[in-house]
Amino acid sequence: VREPALPVYTYTKDIVTPMAGPFFEAMVKGVGQVFLADKTEVGIIITLGLFICSPIAALSALLGSLIGNTLALVAGSPPDAIAMGLYGYNASLTFASIYGIFFSPSIGSFLLAVFAACVSEVITNAVKIGVLPWGLPALTVPFCLCTLLFNLIQGASPKLMPVPLASMTVPEDHYKRCRNIKHSFRAFAGIIVENKATAHFRRPSTWLRAQSLADIFSRLQRRCRSQPAMQKANRSPRSYHVTNLFNDLDEDGDGLIQFDHLRN
């Protein structure tokens with residue numbers, strides 16, 4: 001049994017200059033270390049599989065590992081541990097979770113993910129030092145702590161669009177959903193502010209022309225009362241009501257919603 005003891009650090013003035021090849025391998029290994037794999041080939045296979053599922057998630061994982069390894073190198077962490085990817089996997093997980101999973105991809109979530117990856121590296125060093133006297137590894141504890149910390153700010157900024165747990169899929173779906181929501185709000189904002197708006201919203205098989213805002217809300221209210229039909233359709237209340245509202249307003253069927261003239 002190992003006796004608990006604080007680590008002994010030795011200071012050296014030698015500056016380690018990384019080579020491009022080994023540093024790239026460390027970045028790929030950082031992704032593979034999520035699955036306890038320290039081989040470059042395994043890291044490449046995992047990254048390719050992740051890319052097939054979600055290109056945004058794969059690039060986020062690589063960028064997070066790059067940030068983690070870079071900060072570890074600047075902080076003077078052991079070069080052997082950096083080369084094995086041990087300082088990249090927590091930052092990789094943190095970046096991928098913030099940019100695209102818990103928050104919809106945007107410029108704001110990207111900047112937040114970069115900052116979160118840097119914070120996770122600080123937490124990684126703290127956890128490693130904290131468990132070192134007992135000979136325990138840090139594992140993904142820094143990632144869990146950092147991600148939980150940054151999830152607490154959901155809803156605190158209009159630049160960040162949080163993703164509910166029940167709606168989580170892949171970052172690409174989150175981005176499309178966020179974009180559709182923004183377009184919808186812009187269309188309704190044009191209706192409210194101006195008497196004549198030219199807002200367009202495309203859907204697969206619906207052509208909607210709203211003659212008045214009151215007509216939209218009255219039809220939506222009627223659809224919200226149709227609970228039995230919604231249960232037969234086996235859809236969520238939100239998607240069912242909105243879809244049937246669009247179908248009710250269909251006139252020409254060219255898949256375009258246009259609010260071109262409103263009358264009181």
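Our structure is the block above this text.
Residues numbered from 1 in each chain as written. Predicted model: local features only at pLDDT ≥ 70, side-chain atom pairs only at ≥ 80, totals over all residues. Heavy atoms only, no water.

## Some thoughts on the overall build of the protein chain
Logical step 1: The helix and strand inventory of the protein chain stands at 11 helices and 3 strands.
Logical step 2: N-terminal to C-terminal, the α/β element order of the protein chain is α-α-α-α-α-α-α-α-β-β-α-α-α-β.
Logical step 3: In the protein chain, once contacts between residues fewer than 6 apart in sequence are set aside, the share between residues at least 24 apart is 71%.
Logical step 4: Here the protein chain has roughly 16000 Å² of accessible surface; of this, 65% comes from carbon and sulfur atoms. (Helix = DSSP H or I, 4+ residues; strand = E, 2+ residues; numbered from the N terminus. Contact = heavy atoms within 4.5 Å. Areas by Shrake-Rupley, 256 points an atom, 1.4 Å probe, with all protein chains shown as cover.)

## A short note on the side chain of Thr94
Logical step 1: Take Thr94: it is sitting in helix H5 (residues 89–98).
Logical step 2: Residue class for Thr94 comes out buried when judged on its relative accessible area of 0%.
Logical step 3: Each residue touching Thr94, except ones within four places of it in the same chain, is listed here: Ala116, Ala117, Ser120, Phe143, Cys146 and Thr147. (Buried < 20%, exposed > 50% of the residue type's maximum accessible area, 1.4 Å probe, protein only.)

## Looking at the side chain of Glu172
Logical step 1: Here Glu172 shows up in helix H8 (residues 171–193).
Logical step 2: Buried charge without a salt bridge: Glu172, with Lys176 as the nearest opposite-charge side chain at an N-O distance of 8.0 Å.
Logical step 3: For Glu172, the residues in contact, after removing those within four places along its chain, are Ser54, Pro55 and Ile56. (Lys, Arg positive; Asp, Glu negative; His and termini not counted. Salt bridge = Lys/Arg side-chain N within 4 Å of Asp/Glu carboxyl O.)

## A closer look at the nonpolar core
Logical step 1: In this structure, Phe95, Ile98, Phe103, Leu112 and Phe150 are the most contacted members of the largest nonpolar core, which totals 18 residues.
Logical step 2: Contributing elements (two or more residues each) for this core: H5, helix H6 (107–131) and helix H7 (141–151).
Logical step 3: Excluding residues within four positions of it along the chain, Phe103 makes contact with Ser97, Ile98, Ser109, Leu112, Phe150, Asn151, Ile153, Gln154, Leu160, Met161, Pro162 and Val163. (Core = buried A, V, L, I, M, F, W, Y, C linked by side-chain atoms within 4.5 Å.)

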